[in-house]
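Tertiary structure, described
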Amino acid sequence: MTLRTITLGGSRTGPADIARIARDGAPVHLAADGLERATAAFEAAGEIARRRPVYGRTTGVGANRTQQVAAAEGDAHGLRLLRSHAGGAGALVPAEQARAMMAVRANQIMAGGAGLRPAFAEALGAALNSGHLPQVHEIGAIGTGDLTALAETGLTLIGERPWSGGGRGESPAPIALAAGDALAFCSSSALTIGQATLAWADVAPLLRATQVVAALSLLAVDGNTEPYDERVHAARPHPGSVEVAAAMRRLLTPAPPPARENAPSRTPRTGQDEAAPPPPSSPAPPTGPGEGAPSPPTGRSDDATPSPSSPAPPTGPGESAAFTAPAPAPAARIQDPFGYRCLPQVHGPAVEAVAALERVLGVEINAAAENPLISAADGTVHHHGGFHQAPLGLALDHLRVALLHTAHLSTARLATLVEPAFTGLRPFLADAAAGSSGVMILEYTASSALAELRNAALPAALGHAVLSRGVEDHAAFASQSARQTLRAASSYRLVLACELVAAVRALRQSGLGPAIAATPAGAAYTLAAARLDPRDEDRPLTTDTETAAALLDTFATI
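Keep in mind the model is a prediction, meaning the values are calculated, not measured. (Residues numbered from 1 in each chain as written. Predicted model: local features only at pLDDT ≥ 70, side-chain atom pairs only at ≥ 80, totals over all residues. Heavy atoms only, no water.)

1. Side note on the overall build of the protein
Let me state the cut-off plainly: Helical segments are the DSSP runs of H or I of at least four residues, strand segments are the runs of E of at least two, and each set is numbered from the N terminus. What makes two residues a contact is simply this: any of their non-hydrogen atoms within 4.5 Å. Calculation of accessible area relied on Shrake-Rupley with a 1.4 Å probe; when residues are assessed, cover is drawn exclusively from the protein chains displayed.
If you tally the helices and strands in the protein, you get 19 helices and 6 strands. Nonlocal contacts in the protein, meaning residues at least 24 apart in sequence, comprise 80% of its contacts between residues at least 6 apart. Element-wise, carbon and sulfur atoms account for 58% of the exposed surface of the protein, whose accessible area totals about 22800 Å².

2. Topic: the environment of Ile193
Note the following rule: Summary of the burial criterion: residues with accessible area below 20% of their type's maximum are buried, those above 50% are exposed, and those between are partly exposed, where the area comes from a 1.4 Å probe applied to protein chains only.
Here Ile193 shows up in helix H8 (residues 190-220). Assessed through its relative accessible area of 0%, Ile193 is described here as buried. Residues Ile193 and Val360 lie 167 residues apart in sequence; the distance between their C-alpha atoms is 9.7 Å. When sequence neighbours within four positions are dropped, the list of residues in contact with Ile193 reads Val104, Gln108, Leu361, Glu364, Ile365, Gln389 and Leu392.

3. Some details on the side chain of Ser241
Using the following cut-off: Contacts described as polar in this section are N or O atom pairs within 3.5 Å, which, within protein, must combine one atom able to donate a hydrogen with one able to accept it, while residues neighboring in sequence count only if both atoms come from side chains.
Residue placement: Ser241 occurs in helix H10 (residues 239-252). Accessibility expressed as a relative area gives 4% for Ser241, which makes it buried. At 3.0 Å, the side chain of Ser241 and the backbone oxygen of Pro344 are in polar contact. Contacts of Ser241, omitting those with residues within four sequence positions, involve His233, Pro344, Gln345, Gly348 and Glu352.

4. A short note on the pattern of salt bridges
Just so we agree on the cut-off: The salt bridge criterion pairs a side-chain nitrogen of Lys or Arg with a carboxyl oxygen of Asp or Glu, the two atoms within 4 Å.
Tallied over the entire structure, the rule returns 19 salt bridges. Note that Asp336 is salt-bridged to Arg333, the shortest N-O span being 2.6 Å. Each member of the pair Asp336 and Arg333 is classed as buried. The partner of Arg493 in a salt bridge is Asp553, and the shortest N-O contact between them spans 3.1 Å. Of the two residues, Arg493 sits in helix H16 (residues 478-510) while Asp553 sits in helix H19 (residues 542-555), which places them 60 residues apart along the sequence. Overall, Arg493 belongs to the buried group, its relative accessible area being 18%. What emerges from the salt-bridge pattern is a single network uniting Asp533, Arg535, Glu537, Arg539 and Asp544.

5. Some words on the side chain of Thr13
You can see Thr13 is positioned in the loop between strand S1 (6-8) and helix H1 (15-24). Here Thr13 falls in the buried class, since its relative accessible area comes to 4%. Here the side chain of Thr13 touches Asn107 through a polar contact of 2.7 Å, side chain to side chain.

6. Some details on the environment of Met248
Within the fold, Met248 resides in helix H10. A sequence separation of 96 residues divides Met248 from Pro344, and the C-alpha atoms of the two residues are 8.8 Å apart. Contact partners of Met248, with chain neighbours within four places excluded, come to Gln211, Ala214, Ala215, Tyr228 and Leu343.

7. A short note on the packing of helix H13 (residues 390-417) against helix H15 (residues 440-457)
Stated precisely, the cut-off is as follows: Fitted lines through C-alpha atoms serve as axes, helices being fitted only where they are in contact, and the angles separating the N-to-C directions of these axes extend from 0 to 180 degrees. Here is the rule for angles: anything less than 35 degrees is roughly parallel, anything more than 145 is roughly antiparallel, 65 through 115 is roughly perpendicular, and the remaining ranges are oblique. Only Asp, Glu, Lys and Arg are considered charged, only Ala, Val, Leu, Ile, Met, Phe, Trp, Tyr, Cys and Pro nonpolar, and every remaining residue, Gly among them, polar.
Viewed as axis vectors pointing N to C, H13 and H15 meet at an angle of 170°, and their least axial separation amounts to 10 Å. In terms of orientation, H13 and H15 fall into the roughly antiparallel class. Touching Arg400, Val401, Leu403, Leu404, Ala407, His408, Thr411, Leu414 and Ala415 of H13 are Leu442, Glu443, Ala446, Leu450, Leu453, Arg454, Ala456 and Ala457, all from H15. For the contact of H13 with H15, the residue count by class is 12 nonpolar, 2 polar and 3 charged.

8. Some thoughts on the layout of surface pockets
Stated precisely, the cut-off is as follows: Residues are said to line a cavity or pocket when one of their atoms sits within 4 Å of a point; the points come from a 1 Å grid over protein atoms alone, cavities being sets where a 1.4 Å probe fits but cannot get out and pockets being open sets with protein on both sides within 12 Å along at least five of seven lines. Grid points are joined across faces, edges and corners, and a volume is the space filled by probe spheres set on the points.
Computed from the structure, the largest pocket encloses a volume of approximately 760 Å³. In terms of lining residues, the largest pocket is bounded by 31 residues, among which Tyr55, Gly62, Thr144, Leu147 and Glu472 are the most central. A breakdown of the residues in the lining of the largest pocket according to their chemical character gives 12 nonpolar, 16 polar and 3 charged.

9. Some thoughts on the packing of aromatic side chains
By convention here, two paired aromatic rings are described through the distance between centres and the angle between planes. We count it as follows: Here a pair means two rings of Phe, Tyr or Trp (six-membered ring of Trp) with centres within 6.5 Å. Their orientation is stacked below 30 degrees between planes, edge-to-face above 60, and tilted elsewhere.
Counted by the stated rule, this structure contains 1 aromatic pair. Relative to Phe185, the ring of Phe120 has its centre 5.5 Å away and its plane inclined at 35°; by these criteria the two rings are tilted. Of this pair, Phe120 sits in helix H5 (residues 118-130) while Phe185 sits in helix H7 (residues 181-186), and the two are 65 residues apart along the sequence. Since its relative accessible area comes to 1%, Phe120 is described here as buried. Residue Phe185 is classed as buried on the basis of its relative accessible area of 2%.

10. Topic: the nonpolar core
Test applied: Among buried residues, those of type Ala, Val, Leu, Ile, Met, Phe, Trp, Tyr and Cys that are joined through side-chain atoms within 4.5 Å constitute a nonpolar core.
Counting residues in each nonpolar core, the largest one holds 138 residues, and the members touching the most others are Met248, Leu500 and Phe555. The element contributing the most residues to this core is H8, with 20 residues. In this structure Phe555 touches Ala209, Val212, Val213, Leu216, Leu500, Ala524, Leu527 and Ala528, once residues within four positions along its chain are discounted. Core analysis: the next-biggest nonpolar cluster, separate from the first, contains 7 residues, Ala44, Ala45, Ile48 and Ile374 among them.

11. A word on H16
Applied cut-off: Expected span, for any helix, means 1.5 Å times one less than how many residues it has.
Spanning 33 residues, H16 covers 47 Å between terminal C-alpha atoms, matching the ideal 48 Å at 1.5 Å per step. The element H16 is largely enclosed, with a buried count of 28 among its 33 residues. Immediately downstream of H16, the backbone of Gly511 shows phi near 70°, a positive value.

12. A word on the environment of Ala98
Along the chain, Ala98 turns up in helix H4 (residues 95-109). Assessed through its relative accessible area of 1%, Ala98 is described here as buried.

13. A word on unusual backbone geometry
Residue Pro372 is reached from Asn371 by a cis peptide bond, and omega for that bond is 0°. Mapped onto the elements of the fold, Pro372 is located in the loop between helix H12 (343-365) and strand S5 (373-375). The backbone of Asp222 shows a phi angle near 60°, a positive value even though the residue is not glycine. The topology assignment puts Asp222 in the loop between H8 and helix H9 (230-234). Overall, the relative accessible area of 2% leaves Asp222 in the buried class.

14. Describing the packing of H1 against H4
Convention followed: Here is the rule for handedness: rotate from the far helix to the near one, and if that takes an anticlockwise turn smaller than a right angle the crossing is left-handed, while a clockwise turn gives right-handed.
Contact pair H1 / H4: the axes reach a minimum separation of 8 Å and the direction vectors enclose 140°. Regarding the angle of H1 to H4, the classification is oblique. Every pair of crossing elements has a handedness; the one defined by H1 and H4 is right-handed. Across the interface between the two elements, Ile18, Ile21, Ala22 and Arg23 of H1 pack against Glu96, Arg99, Ala100, Ala103 and Val104 of H4. A breakdown of the residues in the contact of H1 with H4 according to their chemical character gives 6 nonpolar, no polar and 3 charged.

15. Some details on the confidence of the model for the protein
Going by this rule: Each residue carries a pLDDT score, the predictor's confidence in it, ranging from 0 to 100.
Residue-level pLDDT values for the protein average 88, and 86% of them are 70 or greater. Segment residues 260-267 is flagged for pLDDT under 50; beyond a separation of four residues in sequence, or across chains, it makes 29 contacts in the model.

Okay, here's the thing in C-alpha cells:
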C-alpha cells in the first residue's frame, strides 16, 4: 500500500499527520515556504546577535545566563551545550515516539521563530524518510523543554552519536554546528508533544468505540433509552453530553430495511409507551431512592427465549411493507443504573477532553515556542516563557481523569451483564454445568486494568520543581503526563474489551442478534460475534479479550 506523503510546513500540520508519520511510516515533504521562514529567521538571528545579547547565543543558559560567550566561541559553546545536556536516562523511547518527535521538531523549525538553519529540518525529514532514528532516552524532561532528548538528537545530527533504526540507505550527512544552533534546536518539547499526539491517537477512537460497546450492553440488558433523548440534553446542553446522546440514538435506531425484508427489528425500550401492557415478568418500578437497583429478569429465560415484548416475526414468507419504526416497547426498568443512565453525563466530558487536547496539540505542533523568539519580519528578539508546557500537561491530566470516570461506568455495565436480574440469563453468562464460572473472571481483569488506569490518572501537574539555582522555579511535568496518558489508554482498552466480550456473549445467549441487526449497534454485534469464540463452557478467556481489544479500533468507525 502506498502511503500518502505528509507535508510539513510549520503552520497547518495536525495531530493526525504526526500520528501517521510516527506509526504508519508515512513519508514527509518539507514545504518551500516553511524552509524560507526558517532561513529568514536564521539570518535575522545572526544579525541580532551581532548588536545585542541573545540568550543561549551570546550567553550561557539557565543560571549561567549572565555569563557572556565570545562570538569566536559560539560553535564551541554550542557543542559543549549539546554534550552537557545529553544526560537522558532510563529506557530508549520506542521507534514511533522517536519518529513523532522528529516530525514535530522539523515542523516547528519551519514555523520560523527558532533562528535555526533549515538544514536541521531537512536532516530530520531525510532521516524520517530513510528510517534512521536517534537513540533517545525517555527520562530527562519536566515540561519546560525536552532538553536531554533533543541534545541527544542534536549530537546525532552533527555526527557524534550513531543513528539507529536500521534505516534504508545512507544516513543523513552530519551537520556542521554553527553559533546559536544548539539552544535553538533544544528549546522545544518535541518529544513530549509527539508522545501526547500518540496518546491522543489512542484515546480518541477508544472513546468512540465506548459508545458502541455501551449500546451493545444496553441491548443485552433490555435497557431504557430515555436518558439519550434529545430533549434531556437540550435542557442541559453540555457539548460532550449532547454528542454522546446523539451517538447512542444513532447506534440504537434501526435503519430502513431493504425491500422484502422479513427479519423483525427490535426497538430499544424508551419507557414512554404507557398504553402497551408490560411483559408478564416485568418488575415493578423501584419505590425508594435506590432507583438503579437490579430488577428481576425481564422475560428472557435461561434457554434464551425472547422477551414477550419482543416483536413477533412475520407469519408468512415474503411479507414486507413500507418501513415504519416499531412502536417502543415498555421499559424493563423505569431507570437503569448509572452505567447506562449517566453515560452522556460521564462519557461526555471525556469526549470534550480529548477534543481539547487535540486543539492544544494543533497549536503546539505548529508553534514557534523556542526561547528566545526570533522575529525575522522586524529583526527583533524576545526572551519569554512560551516553551512552558502547562497547557499541554493540564490537558493531558484532564483527559486521564475523565477517562478514569468513563472506565468506571464500563466496569459498572460489566457487573450488570453477569447479573441474571438484568439479563434474564444464567449468572456470569455461564453454560448449564453446575457451578460454571462463565465470564466471572472478566470482572477481576477489568478491575485490575482499572486500577492501572487509576494509578496513571494521578495529575502530573501536582509536582513541583525549582532548578538551576532558583532561576527556573516552576515545572509542568507534561512529559510525565504524556507517558501516563499512553499507559492509561492501554489500560482503558482492556477495561472496554472485557465489557465487549460479556456483552457479545449475553446477546448471543439471548438470541437477539437477528432482532437488532438493522441497527448500527447490531452491525457491531455481527462483526464481533463472528470473531469471538462462541463456546459458553468454562475456558481461558485471554484470547477473547485480546480479540475484543483489537476490534475496538474498527468499532470506532461504526
